[in-house]
Amino acid sequence: MESYTEKILITGALGQIGTELTNRLVEIHGAENVVASGLDRWDKNLTSAGFYERMDVSNTQLVRQVVKDYEITTVYHLASLLSGTSERQPLFAWKLNVEPLLNFCEMAKEGLLKKIFWPSSIAVFGKGIPKENVGQDVVLNPTTVYGISKMAGEKWCEYYHDKHGVDVRSIRYPGLISWKTPAGGGTTDYAVEIFYEAVEQGKYTSFISENTAMPMLYMDDAINATLKLMEAPKENLTVRTSYNLGGLSFTPKELATEIKNEMPDFEIDYQPDFRQAIADSWPASIDDSIAKKDWGLSYDFDISEMTKDMLKNLKIKLNAN
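For every chain, the first residue of the written sequence is number 1, and numbering continues from 1 onward in sequence order. Given that this is a predicted model, residues contribute local features only at a pLDDT of at least 70 and side-chain atom pairs are listed and counted only at 80 or more, while totals for whole chains, interfaces and linings are drawn from all residues. Note that water and hydrogens are dropped before the side-chain values are worked out from all heavy atoms of the structure.

Q: I keep staring at the sheet that holds strand β2 (residues 34-38) and nothing clicks. Help me out?
A: The pairing of strands in a sheet comes from backbone hydrogen bonds and takes either a parallel or an antiparallel form. For two strands to count as paired, DSSP must find a minimum of two bridges between them. The way it works is that DSSP assigns letters per residue, a run of H or I at least four long becomes a helix, a run of E at least two long becomes a strand, and they are numbered from the N terminus. Taken together, the 7 strands give an open sheet; going across it, the order is β3-β2-β1-β4-β5-β6-β10, and neighbouring strands pair in parallel fashion. This sheet does not close on itself; its edge strands, each paired only once, are β3 (51-54) and β10 (243-244). When strand β1 (residues 8-11) meets strand β4 (residues 74-77), the two strands line up parallel, connected through 4 bridges. By the bridge assignment, T11 is partnered in β4 with H77. Sitting on the sheet, helix α5 (residues 145-164) is in contact with β5 (115-121) and β6 (168-173), with an inclination near 145° to β5. Working rule for contacts: check all heavy atoms of both residues, and any pair within 4.5 Å makes them a contact. Only the stretch in contact is used when a helix axis is fitted, and all axes are lines through C-alpha atoms; the angle between N-to-C directions ranges over 0 to 180 degrees.

Given below as structure tokens:
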């Protein structure tokens, strides 16, 4: 294996995944080797990274300059528009979710970058696939703008790897649950909102119906999986579109039951909105055995461990505020 100091750029570093991934990368590689970027103005509490660049990822020239200035070797390209928001701004979502990825792949093809991580999503699956235990190689048939952009991105990742040897790696994230960063416009956001409302109001109105199961993952497990994939020797990787990640699968009703175990007075009701149709087009559970075989994917949290951890940390966080 070639040895070099990894210099890391994270786009979307202030988002739900980016915030926590940046902290972990700083712990592993040192702040001086991590550059965070986002649309916000710099302030010292923004990120633990050693450097911050205020940058729109669709500004190709600026992105190239940042990669050259910091001698970046590895990019975690997380900046994107999520599923709910993408439906309202389809053309902007397509541009933001696809073009910057191609720009990074071009830089890697030219030898400017060594490795790229790009997240895909369970939104790629769509209509006509089995609901349960969806396999790695099912036909993708997304029905949302977000899903279409992620499916296209997966094929571009595979193309750049097969044609140009670009080392771009990807995971199909399920819904992500975190107490550190509020959710940002996704269909699985109910599973974050429900905890905030439980602690603050003691009740929650879910925009997803009670028996709709969706794959979810606690953020700690998502970050561990991402780092594990990026550390794996490239000869071990057999999937160059995007790896399935199954995580946990549960319904709003099951999650509410877990919360009630910790907070007996908690109440929930259900008023499905436009996001219900998106959820109905997604699988209920996912087979991630190939990721387990190729690079040792594993999980630390089940639904009850996650619920306890979320409530414990949110109570501390919200009381502090």
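Q: I'm lost on the layout of surface pockets in this one. Help?
A: It is a probe the size of a water molecule, rolled over the atoms, that shows where empty space is left. A cavity, in this analysis, means grid points on a 1 Å lattice covering only the protein atoms where a 1.4 Å probe fits yet has no way out; a pocket is instead an open set bounded by protein on both sides within 12 Å along at least five of seven lines, and a residue lines either one if it has an atom within 4 Å of a point. Grid points are joined across faces, edges and corners, and a volume is the space filled by probe spheres set on the points. The volume enclosed by the largest pocket comes to roughly 920 Å³. Forming the walls of the largest pocket are 41 residues, and the residues nearest its centre are L78, A79, S80, L81 and L82. Of all the elements in the fold, those that place two or more residues in the lining of the largest pocket are α1 (16-29), β2, α3 (83-88), α4 (90-109), β5, α5 and β7 (175-177). Side-chain classes are defined by residue name, with Ala, Val, Leu, Ile, Met, Phe, Trp, Tyr, Cys and Pro counting as nonpolar, Asp, Glu, Lys and Arg as charged, and the others, Gly among them, as polar. Classifying every residue of the lining of the largest pocket gives 20 nonpolar, 17 polar and 4 charged.

Q: Before we go on, may I ask you to explain the nonpolar core in this structure?
A: Among soluble globular proteins, nonpolar side chains are generally buried collectively. In this text, buried Ala, Val, Leu, Ile, Met, Phe, Trp, Tyr and Cys residues form a nonpolar core when linked through side-chain atoms within 4.5 Å. With a 1.4 Å probe rolled over the protein chains alone, any residue whose accessible area is under 20% of its type maximum counts as buried; one over 50% counts as exposed, and the rest are partly exposed. Judged by nonpolar contacts, the single largest core of 40 residues is most densely connected at I177, Y190, F195, F250, L255, I259 and M306. Mapped by element, the contributors of at least two residues to this core are α6 (190-200), β9 (214-218), β11 (248-250), α8 (252-262), α9 (275-280) and α11 (303-320). Residue contributions to this core peak at 7 residues, all from α6. Setting aside chain neighbours within four positions, we find Y190 in contact with Y204, S206, F207, I208, M214, M216, F250, T251, P252 and L255. Residues F117, L176, L217 and A291 belong to the second largest nonpolar core, which totals 33 residues.

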